[in-house]
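Working through the structure, step by step
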Amino acid sequence: MEKQNIDWGNLGFGYIETSKSYVSDFRNGEWDEGRLTSDHTVTISECAGVLQYAQTVFEGLKAYTTEDGRTVAFRPDLNAERLYNSACRLEIPPFPKDRFIEAVREVVKANESYVPPYGSGATLYIRPYIFGSSSVIGVKPAEEYQFRILTTPVGPYFKGGAKPLTIKIADFDRAAPRGTGHIKAGLNYAMSLHAIVQAHNEGFAENLYPDSATRTKVEETGGANVIFIKGNKFVTVSSPSILPSITRRSLEYVAEHYLGMEVEEREIPLTELPEFEECGLCGTAAVISPVGKIVDHGREICFPSGMDEMGPTTKKLYDTLTGIQMGRIEAPEGWIFEI
Ligand SMILES: *Cc1c(COP(=O)(O)O)cnc(C)c1O
């Protein structure tokens, strides 16, 4: 496969148009057969449900080239399932899971020249999403929807290696109990923008949200789950209002089955933070971003792993998961999806 003439090593994390997107329309109560399109714009009513009442959900995954030259995606079945669940929560007709996976295959195949080569650190980011496309003025679900998948090549999230981040305990709330924190919806991001801009202005990389009901327990950041290391233990948050990160769930498996760690998924009180040795944020984009320091309204919690590099156990987790993704380490059954 002839690749595009792109300086893969210097790609940023921004949008670049590729050759095709995938589109399927929901009309008269059903999804049509779907197709590839070269039109990277969307024309909808000014009164579309997505524009007026934010009726939209999305996913994010990556395609990349393995060490032996295969084009693959990582666990797209879990993205299919999560988009399905997100859609149901917003009264969006869910897109069939088997069709989601085939649409990912089709659109990546059509853009194979944009899948970065092995070793470049870059990947083809895949963004599936659904939105209410018909007009809505009284508050109710739209009648028509569009499912699309856009792809765009992105560089490594952290150029020159991941430096530990300093994050703050958020002043705002992210997700209410029984709210929408567990689904991947644009609305959860819209309301986080003010908080993130403020955090950046104060010199922090991210907000770590406590639970909204009591503000005594760790939840997650605006776009990543949080993981902690304590001795041989891998500790993550259990909460009905966090997004079930595929990276975090994969890391739990890696910790237990590849590194022989004990995995705990449970409530984490803020008062326990000083007891951890390492901390990281996990998500598709960066896999793991190490956290060196958490600031809780003036009180600094500095992890022993320090501010210079990833902690040793976080590094092992990172190397093992990226090794599995890139085909250097044998993957568990069903994790690597061949395009
Ligand atoms: C997408 C997302 C994550 C990360 O999920 P992955 O499946 O690992 O990419 C974590 N938290 C939130 C709020 C998210 O939207």
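Calculation criteria
Residues numbered from 1 in each chain as written. Predicted model: local features only at pLDDT ≥ 70, side-chain atom pairs only at ≥ 80, totals over all residues. Heavy atoms only, no water. Near = heavy atom within 4 Å. Polar contact = N/O pair within 3.5 Å; in protein donor to acceptor, adjacent residues only side chain to side chain. Areas by Shrake-Rupley, 256 points an atom, 1.4 Å probe, with all protein chains shown as cover. Core = buried A, V, L, I, M, F, W, Y, C linked by side-chain atoms within 4.5 Å. Buried < 20%, exposed > 50% of the residue type's maximum accessible area, 1.4 Å probe, protein only. Helix = DSSP H or I, 4+ residues; strand = E, 2+ residues; numbered from the N terminus. Contact = heavy atoms within 4.5 Å. Domains from an automatic or database assignment. Buried area = accessible area lost by both parts, 1.4 Å probe. Salt bridge = Lys/Arg side-chain N within 4 Å of Asp/Glu carboxyl O. Pairing = 2+ DSSP bridges.

**Focus on the site of the ligand**
- Around the ligand, the structure places 15 residues, and the nearest of them are Lys184, Tyr189, Ser245, Thr247 and Thr284.
- Note that an oxygen atom of the ligand is positioned 2.8 Å from one of the side-chain N or O atoms of Arg82.
- Glu220 is positioned with one of its side-chain polar atoms (N or O) 2.7 Å from a nitrogen atom of the ligand.
- Expressed as a share of its isolated accessible area of 380 Å², the protein-covered part of the ligand is 96%.

**Side note on the nonpolar core**
- In terms of nonpolar packing, the biggest core is built from 33 residues, with Val57, Phe100, Val108, Ile130, Phe147 and Ile149 touching the most fellow members.
- Counting only elements with at least two residues in this core, the list comes to strand S1 (21-27), strand S5 (61-65), helix H2 (76-89), helix H3 (97-110), strand S7 (123-132) and strand S8 (145-154).
- Contact partners of Ile130, with chain neighbours within four places excluded, come to Trp31, Gln55, Thr56, Val57, Leu83, Ala87, Ile92, Pro93, Phe95, Tyr145, Gln146 and Phe147.
- Grouped together as the second largest cluster of nonpolar side chains are 21 residues, Leu165, Phe228, Leu270 and Phe303 included.

**Regarding the domain arrangement of the protein chain**
- One can read the domain layout of the protein chain as domain 1 (8-154) and domain 2 (165-322).
- Its C-alpha centre places domain 1 at a distance of 26 Å from the equivalent point of domain 2.
- Contacts between the two partners involve 18 residues from domain 1, matched on the other side by 19 residues from domain 2.
- Summing both partners gives a buried area of about 1500 Å² for domain 1 against domain 2, and 66% of it is carried by carbon and sulfur.
- When residues of domain 1 are sorted by the area they lose upon contact with domain 2, Phe58, Arg82 and Arg89 head the list and together hold 41% of the total.
- Across the domain 1-domain 2 interface, the total number found is zero salt bridges.
- Our count for the contact surface shared by domain 1 and domain 2 stands at seven residue pairs in polar contact (both at pLDDT 80 or more).
- For the side of domain 1 that touches domain 2, the secondary-structure elements that each account for two or more residues are strand S4 (56-58), S5 and H2.
- Looking at the side of domain 1 that touches domain 2, the element that brings in the most residues is H2, giving six residues.

**Concerning unusual backbone geometry**
- You will see that Glu91, though not glycine, has its phi angle at about 55°, which is positive.
- Mapped onto the secondary structure, Glu91 falls in the loop between H2 and H3.
- In the Ramachandran plot, His297 falls in the positive-phi region, its phi being about 45° despite a non-glycine side chain.
- Tracing the backbone shows His297 in the loop between strand S15 (287-296) and strand S16 (299-302).
- Judged by its relative accessible area of 55%, His297 falls in the exposed class.

**Here's the deal with the pairing of strand S12 (residues 233-237)**
- The buried count for S12 comes to four of five residues, which makes it a mostly enclosed element.
- Bridge count for strand S11 (residues 225-230) against S12 is four bridges, and the pairing is antiparallel. Paired with Lys230 across the strands is Lys233, a residue of S12.
- Where S11 hands over to S12, the hairpin turn is made up of two residues, of which Gly231 adopts a positive phi near 60°.
- Pairing between S12 and strand S13 (residues 262-266): five bridges, direction parallel. Directly across from Val237, in S13, lies its bridge partner Arg266.

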